[in-house]
Amino acid sequence: MTFCHGPINKVRKEGHQQTGKGNLDRLFRFAMTSKRIDLQGETMKVAFKSLIAAAAFITAGAASAATVTVTLGNTVYKGHTLSGSEVLTFGADANSWLDVLKASVTANGASTVVTTKDSDGYYGSVAMSAPLASLNVDGVTDDLQSAAGTGGITVTAPVLRAISSGGTVTITDLNVDLNTKTVYATVIGANGVGTAVNVAMWTLDTVLGPTNIALPSNGSGQFNLTVQGMHLTANGHTLVTSALGLGSLGKAATAAISDFGSIAMTLSSAAVPPQAACSVSFKTTSLNTSTPLFNTEVTVANNGSNAATGWAVNWTYGKPTLLVNVKNAKLSNKSLKSYTAQPVATNATVAAGGSTSFSFRGYAGGTIPAVSDLSATLGGQACAVSGQ
């Protein structure tokens, strides 16, 4: 983007810094009081166009993604409630590791564990199933970023010479991070290990299946995703071997696990019937009667009985209008007339009976512009909108 010299350099510098209310006031005062500006002439048009260019520069990237946390079974996300489960399946190497340790496996928390053994007592399969508890989702693109479950698996090793002095390790509350291809977990262990939270337990090789959970406008949907090629991290290896009290042969068997297995996740959605359970107020006040400066505060209220995630507020000005000093929202626009506000990470979810607000400062040549085409949604449902 190319900027002109002179007054515009000042606009660009002050607008880009955005160090606070003082800079914005100086920017607008400069635009309105410069001797070069004739409110009725071409110079004013040039200055206003320059302000428009500066605004585009200031607000570049305003439509970037905001991560929202969706609590399954509770939060309404874009008009849907979600539920799901994860299944950790041990690979052949992990099953052989259990055989060497003569270990037993049991469920922890909300999970269930199913095992099979052959006629000689060797493990044929080990699978741990647990409900998914929450998701992190890109609220703009619907790309799944991580999925966290509740419950896990406990491995108990008996005392065997050179293999184990005896111990237990519980790996629970798995959180699959698709961005970093890492599985985090809470590890609870014997032999002084204690409880370690948010441990990077395994790295992943492959993600199979769609990672976008764009939901149907109505009805239900289902998504299946699998991660494969699970490798113990150095920290994960240390915690497991310590908790199980492994000796030289037990440690060697742990180090020989090239692939711990896979985690399959299933996510289901169910549309929530539309309800008029939200409202949005759009209030604009003049900052100075001698100039067309104004401040707008918008409040999004959740009048429903469930928390709702994801909101958007849309409006249109009668003429190009510069908006700066935006707080608690991300703005995008078309020709500086049609605007859309979306949440930032900290206010994407509105609690039942709660509300969130955002604000901005505006400028337009001449008079404060009229607002039309007000509309809003919360959790994918249309809201009643009032404006002044």
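Each remark here, short or long, concerns the structure printed above.
Calculation rules
Residues numbered from 1 in each chain as written. Predicted model: local features only at pLDDT ≥ 70, side-chain atom pairs only at ≥ 80, totals over all residues. Heavy atoms only, no water. Buried < 20%, exposed > 50% of the residue type's maximum accessible area, 1.4 Å probe, protein only. Helix = DSSP H or I, 4+ residues; strand = E, 2+ residues; numbered from the N terminus. Arc of directions from axis to C-beta. Contact = heavy atoms within 4.5 Å. Pairing = 2+ DSSP bridges. 1 Å grid on protein atoms, 1.4 Å probe; cavity = no way out; pocket = protein on both sides within 12 Å on 5 of 7 lines; lining within 4 Å. Points joined across faces, edges and corners; volume = space filled by probe spheres on them. Nonpolar A, V, L, I, M, F, W, Y, C, P; charged D, E, K, R; others polar.

What about helix α6 (residues 248-255)?
What α6 keeps buried is the set Gly250, Ala253 and Thr254. For α6, the angular spread of buried residues about the axis comes to 100°, placing them on one side. Among the exposed residues of α6, those oriented more than 90 degrees off its buried face are Ser248 and Ala255. Next to the buried residues of α6 lie α4 (92-101), β12 (220-232) and α5 (234-243).

Overview of unusual backbone geometry
The phi torsion at Asp173 lies on the positive side, around 55°, for a residue other than glycine. Locating Asp173 in the fold gives a position in strand β9 (residues 164-177). You can call Asp173 partly exposed: its relative accessible area is 33%. In this structure, Ser335 is a non-glycine residue whose phi angle is positive, near 60°. For Ser335, the location among the structural elements is in the loop between β19 (330-334) and β20 (338-342).

Brief notes about the pairing of strand β1 (residues 67-71)
Burial along β1 is one-sided: Val68 and Val70 are buried, while Thr67, Thr69 and Thr71, pointing the other way, are not. Across five bridges, β1 lies against strand β6 (residues 123-138) in antiparallel orientation. Across the sheet, Thr67 pairs through a bridge with Asp138, a residue of β6.

So, the sheet that holds strand β17 (residues 311-317)
Spatially, β19-β20-β17-β23-β24 is the arrangement adopted by the five strands of the open sheet, whose pairing is antiparallel. Both edges of this open sheet fall to β19 and β24 (381-382), since each of them pairs with a single strand only. With four bridges joining them, β17 and β20 adopt antiparallel strand pairing. In the strand pairing of β20, Thr316 is matched with Ser338.

Quick look at the layout of surface pockets
What the largest pocket holds in volume is close to 220 Å³. The wall of the largest pocket is formed by 14 residues, among which Lys78, Gly139, Gly310, Trp311 and Gln342 lie closest to the centre.

So, empty space enclosed by the protein
What the rule picks out here adds up to two cavities of 30 Å³ or more. One number sums up the size of the largest cavity: a volume of about 90 Å³. Taken together, Leu132, Leu135, Leu144, Ala147, Pro210, Thr211, Ile213, Phe223, Leu225, Met265, Thr266 and Leu267 make up the lining of the largest cavity. When residues of the lining of the largest cavity are traced back to their parent elements, those giving at least two are β6, β7 (144-149), β12 and β13 (261-271). No other element matches the three residues that β13 contributes to the lining of the largest cavity. Lining the second largest cavity we find Phe90, Trp97, Ile153, Val155, Val169, Ile171, Val240 and Phe260. The set of elements that each furnish at least two residues to the lining of the second largest cavity consists of β8 (152-160) and β9. The residue inventory of the lining of the second largest cavity, partitioned by class, reads eight nonpolar, no polar and no charged.

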